[in-house]
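The lines below spell out each chain.
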Amino acid sequence: MKVLVTGGAGYIGSTTALALEHAGHVPVILDSLLSGPREFVGDRIFYEGDIADRALIRRVVAEHPDIEATIHMAARIVVPESVEHPYEYYRDNVAKSLELFDELVALHKPRVLFSSSASLYAFTDDFEVDETSALEPASPYARTKLMMEMALQDMAHATELRAVILRYFNPIGSDPQLQSGVHVREPSHVLGQLVMAARGLKDAFVITGTEHPTRDGTGLRDYIHVWDLAQAHVAAVEQFDEVLERAGEPSVVMNVGTGEGVTVRELVAAFERVFGASVPVKKAPPREGDAIGAFANVERIRELIGWSASLSLDEAITSALAWSAKRREVLGYE
């Protein structure tokens, strides 16, 4: 199967492209390289450009008429940046995606697997959320994801477009071959910050928010190994039509997580155990747009495609540290 992967030069996109290849499929990468590095594309079929460039989308499909589905990952993803620059987030994540979806419908390439986010969910007392839980996105980034879900659902009812929507929880780690990983020089997410502090690239790891209503006052997340997440995409693409048939709808939403919640303090403890040394830690107030957190109820994805996470938190941390040690070799910087 040939699969168009928008944002395929990014962290999750390149890992998913590798997982597709391992499963015998052929990824076709479309990426503007606004964020993802060219090095992550490797020797894959690659088109550099914008997802809203309809002429480019037509050329991609004309040159690869056997594309059977699109995995749409291209997006701006940094929560604090979305608070500071909301226009860019709504333009790139929402407006440009609509152009892509409409063109795919016109080209009769209706299968879209969309990367959404668990940051959509409202706070719940027990932190567990399923796909029917209340939604209350707390940042412009999260709101763009909700808008895209709604657009896809509406288009799926009105056109031949069909949508499988994956709500990611918190991807960490690297692929087994250490071909790609977190690539920004200073990642905003928690494990990337921990790795930098452990390697002396930062003075300390900063816990943002210590008075949340969690078991130790710090934010709670469902940390999923990025390779597990990539495997979920492969399973969803391979069973795309069957998933919708089982769901009985032209679109379906599925959580992708481990089903377990881990607080920031617990993550620090796990990291120090794997790393074999303590990490300097400081406290700070919560950042604007940060969610208290949640973990995934994963019954729906298990029932619909038979997928469940198989890699542990320790394995994810180990692979993140291994990627950090190799990053200079791949990208030329630590």
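To be clear, the structure that these remarks concern was listed above.
These numbers come from a predicted model, not from an experiment.

Colleague: Is there a simple way to think about the packing of aromatic side chains in this case?
Modeller: Applying the stated criterion across every chain yields a total of 4 aromatic pairs. Ring centres 5.8 Å apart and planes at 65° place the aromatic pair phenylalanine 40 and tryptophan 323 in the edge-to-face group. In this pair, phenylalanine 40 is assigned in the loop between strand 2 (26-31) and strand 3 (45-48) and tryptophan 323 in helix 11 (residues 313-331), connecting sequence segments 283 residues apart. Residue phenylalanine 40 is classed as buried on the basis of its relative accessible area, which comes to 3%. Accessibility expressed as a relative area gives 4% for tryptophan 323, which makes it buried. Ring centres of phenylalanine 271 and phenylalanine 275 lie 5.7 Å apart, and the angle between their planes is 25°; on these two criteria the pair is classed as stacked.

Colleague: Would you take a moment to explain helix 1 (residues 11-22) for this structure?
Modeller: Side chains three or four residues apart in an α-helix point the same way, a direct result of the helix having 3.6 residues per turn. Its 12 residues give helix 1 an end-to-end C-alpha distance of 17 Å, which sits within 8% of 16 Å, the value for a rise of 1.5 Å per residue. Of the positions making up helix 1, those classed as buried are Tyr11, Ile12, Gly13, Ser14, Thr15, Thr16, Ala17, Leu18, Ala19 and Leu20. For helix 1, the elements touching its buried residues are strand 1 (2-6), strand 2, strand 4 (67-72), strand 7 (162-168), strand 8 (170-172) and helix 7 (226-238). Directly after helix 1, the chain includes glycine 24, whose backbone phi takes a positive value near 90°.

Colleague: What is the right way to read the sheet that holds strand 2 from this model?
Modeller: Across a sheet, strands are paired by hydrogen bonds formed along the backbone, either parallel or antiparallel in direction. If you trace the 7 strands from one edge of the open sheet to the other, you get 3-2-1-4-5-7-12, paired in parallel fashion. Two strands close off the open sheet at either side, each with one partner strand: strand 3 and strand 12 (251-256). Between one strand axis and the next, the sheet turns by 20° as a mean value, whatever way the strands run. Pairing between strand 1 and strand 2: 5 bridges, direction parallel.

Colleague: Even after reading the chapter, I still don't get the pairing of strand 1, so can you show me in this structure?
Modeller: When a strand is regular, its side chains alternate between the sheet's two faces. Counting buried residues along strand 1, 5 of its 5 residues qualify, which places the element largely inside the surrounding structure. Burial along strand 1 is two-sided: Lys2, Leu4 and Thr6 and Val3 and Val5, pointing in opposite directions, are all buried. Sheet analysis places strand 1 next to strand 4, joined by 5 bridges and oriented parallel. Its bridge partner lying in strand 4, valine 5 is registered against isoleucine 71.

Colleague: Quick question: what am I supposed to make of the pattern of salt bridges here?
Modeller: For side chains of opposite charge, pairing can occur when their charged atoms come near one another. Enumeration according to the criterion identifies 17 salt bridges in this entry. Taking the shortest distance from any N to any O, the salt bridge between glutamate 99 and arginine 54 comes out at 2.8 Å. One end of the pair, glutamate 99, is in helix 4 (residues 86-106); the other, arginine 54, is in helix 2 (residues 54-63), with 45 residues separating them in the sequence. Residue classification places glutamate 99 among the partly exposed positions, given a relative accessible area of 32%. For arginine 54, a relative accessible area of 24% translates into the label partly exposed. Notably, a salt bridge pairs aspartate 241 with arginine 111, separated by 2.9 Å at the nearest N-O pair. With aspartate 241 in helix 8 (residues 240-247) and arginine 111 in strand 5 (residues 111-117), this pair connects stretches of sequence that are 130 residues apart. Classification of aspartate 241 by relative accessible area gives partly exposed; the value is 40%. On the basis of relative accessible area, arginine 111 is assigned to the partly exposed category, the value being 26%. Each of the salt bridges in this network shares a partner with another, and the network as a whole consists of Asp50, Arg76, Arg91, Asp92 and Lys96.

Colleague: Explanation requested: helix 8 in the structure shown.
Modeller: Within helix 8 the residues assigned to the buried category are Phe240, Val243 and Leu244. Buried residues of helix 8, seen end-on, are gathered within an arc of 90° and therefore sit on one face of the element. Directly after helix 8, the chain includes glycine 248, whose backbone phi takes a positive value near 75°.

Colleague: I would appreciate a short explanation of the nonpolar core in the present structure.
Modeller: One recurring pattern in soluble globular proteins: nonpolar side chains tend to sit buried together. If you look at the biggest cluster of nonpolar residues, it comprises 46 residues, and the most contacted ones within it are Val164, Met254, Val256, Ile301 and Ile305. Secondary-structure elements contributing two or more residues to this core are strand 1, helix 1, strand 7, helix 7, helix 8, strand 12 and helix 10 (299-305). Among the elements that take part in this core, helix 7 stands out by supplying 9 residues, more than any other. Apart from the residues within four sequence positions on either side, isoleucine 301 is in contact with Ala232, Met254, Asn255, Val256, Gly306 and Trp307. Of all hydrophobic cores here, the second largest spans 26 residues; its members include Ile51, Leu56, Leu104 and Leu161.

Rules and cut-offs
- Residues numbered from 1 in each chain as written.
- Predicted model: local features only at pLDDT ≥ 70, side-chain atom pairs only at ≥ 80, totals over all residues.
- Heavy atoms only, no water.
- Phe/Tyr/Trp six-rings, centres within 6.5 Å; stacked < 30°, edge-to-face > 60°.
- Helix = DSSP H or I, 4+ residues; strand = E, 2+ residues; numbered from the N terminus.
- Buried < 20%, exposed > 50% of the residue type's maximum accessible area, 1.4 Å probe, protein only.
- Expected span 1.5 Å × (residues − 1).
- Contact = heavy atoms within 4.5 Å.
- Pairing = 2+ DSSP bridges.
- Axes fitted to C-alpha atoms, helices over the stretch in contact; angles between N-to-C directions.
- Salt bridge = Lys/Arg side-chain N within 4 Å of Asp/Glu carboxyl O.
- Arc of directions from axis to C-beta.
- Core = buried A, V, L, I, M, F, W, Y, C linked by side-chain atoms within 4.5 Å.

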